[in-house]
Amino acid sequence: MSSVEAEERTEARAPTDISNPNTFHKVVDCQWACPAHTPVPEYIRLIAAGRYSDAYMINWHSNVFPGVLGRTCDRPCEPACRRGRVEKEPVAICRLKRVAADSKDDITGRLPKPAARKNGKRIALIGAGPASLTVARDLLPLGYHCVIFDGDPFAGGMMRTQIPKFRLPERVLDEECGYILGLGPETRFGERIDSLKSVLDEGYDAVFVGCGAPRGRDLDIPGRKEAAEHIHIGIDWLASVSFGHTTAIGKRVIVLGGGNTAMDCCRTSRRLGGENVQVVVRSGFAEMKASPWEKEDAMSEGIPIHNFLVPKRITHEGGKLTGVVFEKVKAEYDAKGRRKLVPAGEPDVHMEADDVLVAVGQENAFPWIERDVGIAFDEWGMPKVDPVTMGSTHPKVFFGGDAAFGPKNIIWAVAHGHDAAVSIDLLCRGEDVRKRPGPLVSLASQKMGIHDWSYDNDVSLDLRFKVPHAPQEMTLKDVNMEVELGYNQELAFKEAQRCLNCDVETVFEQKLCIECDACVDICPTDCITFTKNAPEPELRGQLTVPAKNLTQDIYVSGALKTGNVMVKDEDVCLHCGLCAERCPTGAWDMKKFYLETAKAYACSR
């Protein structure tokens, strides 16, 4: 072999290692995108089969709050859904999760039981939100004594205080928090922690901080202090509504901010007496942080959204709020594409108001964490947290949820809770928290005959089904009436059929291949190519349809008898199984991939 040939062989793309769990995990795009890595296609198939309780339990083991998340999740899985690459709308993954929760039987007999014997380890959980509750759920069955502190009288954290009941009914939250409280933690609700040092002095074996981002940002503009009586911080106001302390608001309401909290504030205002409710945002509509469906829901209730307006001053008469003056701005971009808002040169806009809700962001507040307890903070006052272990620079203190990295969402808090629980369990057993247990993985053939498989590979042509809503004339009169009704079982079945079963993988056995090109001929997306091997950038360009999405891997076989390799673009493969049905030698097989991430209760001991 010449030196040139040796160099070319060295540069050639190595065969895909299908023993690596991430190889097929990345191909199940929805599961890969989910912070908790919920096995999405598996529970959707169970819903289609009417096995709602089984579907619920898969969710419960992974994301802990299926009924809550089926109504409120930010849905990172849906933009990743492969269905969205062939038509506009992805599968309604989130709303199908709700179907499992709403249609399940009594599953209490399938839940873990309180530990018969304690293991002698005490864990303090500060905050009773989704992150802390997840830690408790994972550790309690192992015999840990978990003590949950929260200043509020009930469990749930921001799920209870910041999500309106017309989006998340109290009964749903109570039920799913109750599953965890039923495992027997010690609860100190109504007890606010004022000193981390005092908690550590009580001799806990580990402390988890899951207190959220409890402080809403305020405005520092002229008139703010003078008109303070009718200017409210959004998250505090929502909490006051949630606990029944606030039951009314003025007829003219301005909501400042473009995130989901702002959308909750404006929709809640409509239900508490606001007749002229307006949202004002400094950015453009597309740049708003609110989820698209949250913006749509607000506008459908007659709430206008005004963009590119920056609050300049509060107007008032004798200390009574009268409105807000806004400066019109526009976006300019520099050579690197960075946006800057500059004055548009147009006259200021004055909007009249009886109340103003400030929802311009949230920030963490840790005045109760002494700076000499061994926890390092960054320049923004955030604790330095390891994103894998969730550990701080103090060996016994862990963070999760909004307290760890700033405001995100419930599903991220759950993922943090799982990771922290694994770390706490390792720590308490004297093991290295950095040596993480691997996931539970299986890859099983679905073959029932030479060309028969145990799943239905017909691709539904239906577009996404709309979720029914309660009549608006009723929901706008009742702050507690749930707006979305959810799919009934018939609609759920139809929507579930839109799933492309991306976890049923096309697996190639090169020694059986005779390079007849039958799979190439029948592939509806032209994602399979037999070609000479080459460095990956070049190999991607050699495919029948070049593989341009670099975020998704290509599947490359070892050398075949002709010296060619089989290359499949995982980005556009529909997992339809036609290649396996057509292959005369069985070189293609359809194998169901299942991955469950490590949990403390599943991998301990």
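Residues numbered from 1 in each chain as written. Predicted model: local features only at pLDDT ≥ 70, side-chain atom pairs only at ≥ 80, totals over all residues. Heavy atoms only, no water.

Asks: How would you sum up the pairing of strand β20 (residues 504-508)? Please name residues and give values.
Replies: Along β20, 5 of the 5 residues are buried, which leaves the element largely enclosed by surrounding structure. Burial along β20 is two-sided: the residues Val-504, Thr-506 and Phe-508 and Glu-505 and Val-507 are all buried. Pairing analysis gives 5 bridges linking β20 to strand β24 (residues 588-596), with the strands arranged antiparallel. Among the inter-strand pairings, Glu-505 is bridged to a residue of β24, identified as Lys-591. (Buried < 20%, exposed > 50% of the residue type's maximum accessible area, 1.4 Å probe, protein only. Helix = DSSP H or I, 4+ residues; strand = E, 2+ residues; numbered from the N terminus. Pairing = 2+ DSSP bridges.)

Asks: I'd like to hear about the domain arrangement of the protein chain, residue by residue, with values.
Replies: Once the domains are mapped, the protein chain shows domain 1 (3-17 + 502-596), domain 2 (34-109 + 461-497), domain 3 (113-214 + 364-428) and domain 4 (216-360). Once you take the C-alpha centre of each, domain 1 and domain 4 turn out to be 52 Å apart. (Domains from an automatic or database assignment.)

Asks: Lay out the confidence of the model for the protein chain in plain terms, naming residues and giving numbers.
Replies: This prediction gives the protein chain a mean pLDDT of 94; 97% of its residues lie at or above 70. Scored below 50 in pLDDT, residues 3-9 shows 2 contacts in the model against residues more than four places distant or in partner chains. (pLDDT = per-residue confidence, 0-100. Contact = heavy atoms within 4.5 Å.)

Asks: Could you give me a rundown of the packing of aromatic side chains, with the residues and numbers involved?
Replies: Counting across every chain of the model gives 6 aromatic pairs. Here Phe-366 and Phe-399 contribute two aromatic rings whose centre-to-centre distance is 6.1 Å and whose plane-to-plane angle is 85 degrees, an arrangement assigned as edge-to-face. In this pair, Phe-366 sits in the loop between β15 (362-363) and β16 (397-399) while Phe-399 sits in strand β16, placing the two residues 33 residues apart along the sequence. Assigned by exposure class, Phe-366 and Phe-399 land together as buried. Among the aromatic residues, those joined into a cluster by ring pairs are Phe-366, Trp-368, Phe-377 and Phe-399. For Lys-104, the ring lying beneath its charged end belongs to Tyr-56, and the centroid distance is 4.8 Å. (Phe/Tyr/Trp six-rings, centres within 6.5 Å; stacked < 30°, edge-to-face > 60°. Lys NZ or Arg CZ within 6 Å of the ring centre and 35° of its normal.)

Asks: I'd like a description of the sheet that holds strand β7 (residues 252-256), backed by residues and values.
Replies: Across the sheet, which stays open at both edges, the 5 strands sit in the order β6-β14-β7-β8-β9 with parallel pairing between neighbours. This sheet does not close on itself; its edge strands, each paired only once, are β6 (231-233) and β9 (305-306). Here β7 runs beside strand β8 (residues 276-280); their pairing, made up of 5 bridges, is parallel. Residue Val-255 lies in a different strand from β8, and its bridge partner there is Val-279. Seen against the sheet, helix α13 (residues 234-242) touches β6 and β14 (355-358) and runs at an angle of roughly 85 degrees to β6. Each of β7, β8, β9 and β14 is contacted by helix α14 (residues 260-271), which is oriented at about 170 degrees to β8, the strand it contacts most. (Axes fitted to C-alpha atoms, helices over the stretch in contact; angles between N-to-C directions.)

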